[in-house]
Amino acid sequence: MNHRLHLYSKQLINFCIEQQAATLILKNQEDKIGIAKEQKFVLRNWSYYELQAKIKYKAEKAGIELIIG
């Protein structure tokens, strides 16, 4: 799972770089749970905070502002 979180966070930051995005906004935990209940592919078993930490690290390194709301 750690490997997947690394890959997904890297893909997200690479997408932001390609789109020249200066800011990335992540939805909060409650929103994620609501979305997961509606989707067949359930993300609620993933370590949201570990993914968030990986995204934060990579965003800072790329100079992208991260807003968690």
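Going by the structure above, here's the rest.
Residue positions are given per chain, counted from 1 along the sequence in the order it is written. Selection of residues for local features in this predicted model requires a pLDDT of at least 70, selection of side-chain atom pairs for listing and counting requires 80 or more, and totals for whole chains, interfaces and linings are taken over all residues. With hydrogens and water excluded, all non-hydrogen atoms of the structure serve as input to the side-chain values.

Novice: Help me get a handle on the pairing of strand β1 (residues 23–26), residues and values and all.
Specialist: Here β1 shows a buried face lined by L24 and L26 and an unburied face lined by T23 and I25. When β1 meets strand β2 (residues 65–68), the two strands line up parallel, connected through four bridges. Counterpart to L26 in the pairing with β2 is I68. Classification of residues uses two cut-offs on accessible area relative to the type maximum, computed with a 1.4 Å probe and protein chains only: under 20% is buried, over 50% is exposed, and between them is partly exposed. A run of H or I in DSSP becomes a helix once it reaches four residues, and a run of E becomes a strand once it reaches two; helices and strands are each numbered from the N terminus. Should DSSP find at least two bridges between two strands, the strands are regarded as paired.

Novice: For the nonpolar core, give the residues involved together with the corresponding values.
Specialist: Counting residues in hydrophobic clusters, the biggest one holds 10 residues: L5, I13, C16, L24, L26, Y48, L51, I55, A59 and I64. Secondary structure elements with two or more residues in this core: α1 (2–18), β1 and α3 (48–62). If one sorts the elements of this core by residue count, α3 sits on top with four residues. The contact partners of I55, leaving out residues within four places of it in the chain, are S9, L12, I13, L24, L26 and L66. Residues enter a nonpolar core if they are buried and are Ala, Val, Leu, Ile, Met, Phe, Trp, Tyr or Cys, with the set joined through side-chain atoms within 4.5 Å. Contacts are assigned to residue pairs with any non-hydrogen atoms lying within 4.5 Å of each other.

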